[in-house]
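Fold and contact review
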Amino acid sequence: MTTEENTGTVPVQKTDEQWREELTPQEYAVLRKAGTERPYTGEYWDTKTAGVYQCRACGSDLFTSSEKFDSHCGWPSFFAPLAEGKVRYLHDRSMGMDRIEVRCANCDSHMGHLFEGEGFDTPTDQRFCINSISVKLVPQDASANPAE
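Summarised in this report is the structure supplied together with it. Owing to the predicted nature of the structure, the values given are computational and were not obtained by experimental measurement. (Residues numbered from 1 in each chain as written. Predicted model: local features only at pLDDT ≥ 70, side-chain atom pairs only at ≥ 80, totals over all residues. Heavy atoms only, no water.)

Quick word on the state of the cysteines
- Taken as a whole and assessed by the stated rule, the structure comprises zero disulfides.
- Cysteine Cys 107 remains unbridged, with the sulfur of Cys 55 as its closest cysteine sulfur at 3.6 Å.
- Cys 107 gets classed as buried once you look at its relative accessible area, which sits at 1%.
- Free of any disulfide, Cys 129 has its nearest cysteine sulfur in Cys 73, 4.0 Å distant. (Disulfide = S-S within 2.5 Å. Buried < 20%, exposed > 50% of the residue type's maximum accessible area, 1.4 Å probe, protein only.)

Notes on the nonpolar core
- Counting residues in hydrophobic clusters, the biggest one holds 23 residues, and the most contacted among them are Phe 63, Val 102, Met 111, Phe 128 and Ile 130.
- When residues of this core are traced back to their parent elements, those giving at least two are helix 2 (25-31), strand 1 (51-55), strand 2 (61-64), strand 5 (87-92), strand 6 (99-104), strand 7 (110-116), strand 8 (126-130) and strand 9 (135-139).
- It is strand 6 that contributes the most residues to this core, three residues altogether. (Core = buried A, V, L, I, M, F, W, Y, C linked by side-chain atoms within 4.5 Å. Helix = DSSP H or I, 4+ residues; strand = E, 2+ residues; numbered from the N terminus.)

Topic: unusual backbone geometry
- At His 72, a residue that is not glycine, the phi angle is positive and equals roughly 60°.
- Accessibility expressed as a relative area gives 62% for His 72, which makes it exposed.
- Although it is not a glycine, Asp 108 adopts a positive phi angle of roughly 65°.
- Mapped onto the elements, Asp 108 comes out in the loop between strand 6 and strand 7.

Describing the pairing of strand 7
- Where burial is concerned, most of strand 7 is hidden: five out of the seven residues are buried.
- Two elements, strand 6 and strand 7, share four bridges in a ladder whose sense is antiparallel. The residue bridging Val 102 from the neighbouring strand is Gly 112, located in strand 7.
- Between the end of strand 6 and the start of strand 7, which pair antiparallel, lie five residues, with Asp 108 showing a positive phi angle near 65°.
- In the sheet, strand 7 pairs with strand 8 via five bridges, with the strands oriented antiparallel. Along strand 8, the bridge assignment pairs His 113 with Cys 129. (Pairing = 2+ DSSP bridges.)

Notes on the pattern of salt bridges
- For the structure shown, the criterion picks out eight salt bridges.
- Close ionic contact of Arg 127 with Glu 118 constitutes a salt bridge, the shortest N to O distance being 2.7 Å.
- Residue Arg 127 is classed as buried on the basis of its relative accessible area, which comes to 10%.
- Residue Glu 118 is classed as partly exposed on the basis of its relative accessible area of 38%.
- The network of salt bridges with common partners includes Arg 88, Glu 101, Arg 103 and Asp 108. (Salt bridge = Lys/Arg side-chain N within 4 Å of Asp/Glu carboxyl O.)

Concerning the sheet that holds strand 9
- The sheet built from three strands is open, its strands ordered 2-1-9 with antiparallel pairing. The outermost strands of the open sheet, each flanked by one partner alone, are strand 2 and strand 9. Going across the sheet, the axis of each strand differs from the next one's by a mean of 30°, ignoring polarity.
- Sheet topology places strand 1 next to strand 9; five bridges connect them, and they run antiparallel. Residue pairing in the sheet places Gln 54 in a bridge with Lys 136 of strand 9. (Axes fitted to C-alpha atoms, helices over the stretch in contact; angles between N-to-C directions.)

Observations regarding the packing of aromatic side chains
- Enumeration according to the criterion identifies seven aromatic pairs in this entry.
- Seen from their ring centres, Tyr 40 and Trp 45 are 4.8 Å apart, and the 85° between their planes marks the pair as edge-to-face.
- Judged by relative accessible area, Trp 45 falls into the partly exposed class, the value being 27%.
- Ring geometry for Phe 69 versus Phe 120: centroids 5.2 Å apart, planes at 65°, classification edge-to-face. Within this pair, whereas Phe 69 is found in strand 3 (residues 68-69), its partner Phe 120 is found in the loop between strand 7 and strand 8, the two being separated by 51 residues in sequence.
- By relative accessible area, which is 15% here, Phe 69 ends up buried.
- Relative accessible area serves as the criterion here: at 25%, Phe 120 is assigned to the partly exposed category.
- Its guanidinium or amino end placed over the ring of Trp 19, Lys 14 lies 4.9 Å from that ring's centre, counting from NZ or CZ. (Phe/Tyr/Trp six-rings, centres within 6.5 Å; stacked < 30°, edge-to-face > 60°. Lys NZ or Arg CZ within 6 Å of the ring centre and 35° of its normal.)

Purely geometric numbers; function is a separate question.
Structural data, given as structure tokens:
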């Protein structure tokens, strides 16, 4: 994982006006203005449903339920993205802290933050702390993947 400054280009680029038309005011505040929903209020913080978490703004597959774990922080937590290159990382020095912001690599929408070295019993010792409003869960369709 490498962090970069906010200079890269992303495939999906829309004007601020287009984003405002497509997103609800709450979605816009988090996805486009890097806001944060309150802990324990989002739709997915404690869900156990199997499936893929897509970017709510562009539909890109970002995380899966296989990497989701309960960190007791009040937001959905994942120990890794679906694949390298699905998200991008930026230095975030706002709010008097030095953090790593996580954004969708496809449309540059704010997802949340990445924390490392917290001691969670996960394969990566990373916690992708993601806003529920930034993603949409597409449940796994059992009929599409019959048992072999």
